[in-house]
Amino acid sequence: MNALDAENDVLFDAMQAAGLEEKFRSDSVAYDDCPACRQKRTLRLSLRTERVQCSFCGMEGPLLTYLRERAEGIELEPEPEPCVEAEIIPILTPVVARSHDLEEPIEPVLEPIVPEVKPTKPPRPKDPEAAARLGERVIMTLLASVFLLAGLAAAGLSGFANYQAFSESVGDPVQARIWGWSGVIASICSFGGFTFFWWHASAKRWKESARSLIFALAGAATSLAGTAMFMSNNQTEQEVQAQRLVADRTLTQAQIDDWTYQLRGIPPQTRSVEGLEAYLAGVEKVGLTHQKPYRDAQNELGLAKRRAHLEAQIAQGRDMLRQDSAAGVSDSGIVKQTLPAWFFALMLEVFSSQGTSIAMVCLLLLYGVRGRVSPSTQPDLDSSDLADPEPA
């Protein structure tokens, strides 16, 4: 037998006589029906400590004695159930029928009178640690709720980034939406997989926890790649836009310089457009348009309009330069990035996956079945294996 020591022949013979050798094929611990309380599979048989113990009624003893008694067919009498109600003692009182209603008198009939019993429950003792446990539970619930909301928010941001990144990698609109939603699914698999991993690991279901971990890591890697690609694409677009703005700024400055040079070729004594137009209108009114001053005024009006147009273009170009300066664009290009794309994507993935898994495991421990079972009703699984018991 795998779990039994080959030198312990007495225990092995007793186990064969009792017909329990098959239950110890795979482990050194087996479970059987308790002969004292008749509960199914509550009697724990340990080869390591050579003891038996019932997790329901607390009956315990040597393993060898139990095997011998089982082989000999000795059965324990079940313990009487404790009386939870007061004992009822019937009091017999005579009940006599009325003689005028009957033809013959009859004997008195004894009828039991059952007194009304009102069992009272004993007052529960106040637990001094109940308030502390309640406060701890409230605090942990609030923190778990905050972690859950933060993790779901990070998962939403990660899903949005994955949708944008995966959808932009496909040209067809229909396929773009399909691949975009695949990125959202990857984000869900990430934080959900880690929650299942911790849940199975806490229950020592190692195979299921390993599968959940692989599933979670696959979703996390996909989500991480999608978020990093989304951030990298945004940074690339910002750099291209900044370079375009820098090029436009350089071109605008060159145009301003050219307009300024052309403006310098106009004589400074050239009158304004409004003054020249008023002068020409007066000359035309008196009919002296054939004289030379009228023709000189017309030439000067052309120069004045050219100067006004150049001045307007220069002012517009300078406004564009001021707007670019307010937007943070300079001749040196885009401002340096403080956080790289991979670092931001990694931290967002950690916030999403670990935040939700921590919160969900905490809520499961607080409000799950394990959290509602009191320590007195939990079966003693491994406490007897930690130290050798005293000899019986």
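Values in this document were obtained by computation on a predicted structure and should not be read as measured data.

Each value, and the rule that gives it
Residues numbered from 1 in each chain as written. Predicted model: local features only at pLDDT ≥ 70, side-chain atom pairs only at ≥ 80, totals over all residues. Heavy atoms only, no water. Helix = DSSP H or I, 4+ residues; strand = E, 2+ residues; numbered from the N terminus. Buried < 20%, exposed > 50% of the residue type's maximum accessible area, 1.4 Å probe, protein only. Contact = heavy atoms within 4.5 Å. Areas by Shrake-Rupley, 256 points an atom, 1.4 Å probe, with all protein chains shown as cover. Phe/Tyr/Trp six-rings, centres within 6.5 Å; stacked < 30°, edge-to-face > 60°. Pairing = 2+ DSSP bridges. Axes fitted to C-alpha atoms, helices over the stretch in contact; angles between N-to-C directions.

Tell me what's going on with the overall build of the chain, and back it up with residues and numbers.
Scanning the chain for helices and strands turns up 10 helices and six strands. Counting only residues that meet the buried cut, the chain has 28% of its 392 residues in that class. Across the chain, every contact between residues at least 6 apart in sequence was considered, and the portion connecting residues at least 24 apart equals 60%. As displayed, the chain has an accessible area near 27,400 Å², and 60% of this comes from carbon and sulfur atoms.

Account for the packing of aromatic side chains, naming residues and giving values.
For any pair of aromatic rings, the description consists of the separation of the ring centres together with the inter-plane angle of the planes. Applying the stated criterion to the full structure yields five aromatic pairs. An angle of 75° between the planes, with centres 6.1 Å apart, marks the rings of phenylalanine 160 and phenylalanine 230 as edge-to-face. On the criterion of sequence distance, the pair formed by phenylalanine 160 in helix H3 (residues 130-168) and phenylalanine 230 in helix H5 (residues 206-264) is long-range, its members being 70 residues apart. When its relative accessible area of 48% is taken as the criterion, phenylalanine 160 is described as partly exposed. With centroids separated by 6.0 Å and ring planes inclined at 90°, the aromatic side chains of tryptophan 342 and phenylalanine 343 adopt a geometry described as edge-to-face. The exposure class assigned to phenylalanine 343 is partly exposed, which follows from its relative accessible area of 32%.

Give a description of the pairing of strand E3 (residues 51-54) that names residues and reports values.
Pairing analysis gives four bridges linking strand E2 (residues 43-46) to E3, with the strands arranged antiparallel. Each bridged residue has a counterpart across the sheet, and for arginine 44 the counterpart in E3 is glutamine 53. The turn linking E2 back onto E3 is made up of four residues, and glutamate 50 within it adopts a positive phi angle of 55°.

Tell me what's going on with the sheet that holds E2, and back it up with residues and numbers.
Across the sheet, four strands lie side by side as E1-E2-E3-E4; this open sheet has antiparallel pairing. Each edge of the open sheet carries a strand with a single partner, namely strand E1 (29-32) and strand E4 (60-62). Going from strand to strand, the sheet's axes swing by 20° on average, the running direction of each strand aside. Both E3 and E4 contribute to a ladder of three bridges, which runs antiparallel. Bridging across to E4, glutamine 53 finds its partner in glutamate 60. In the packing of helix H2 (residues 63-72) onto the sheet, the strands contacted are E1, E2, E3 and E4, and the crossing angle to E4 comes to about 90°.

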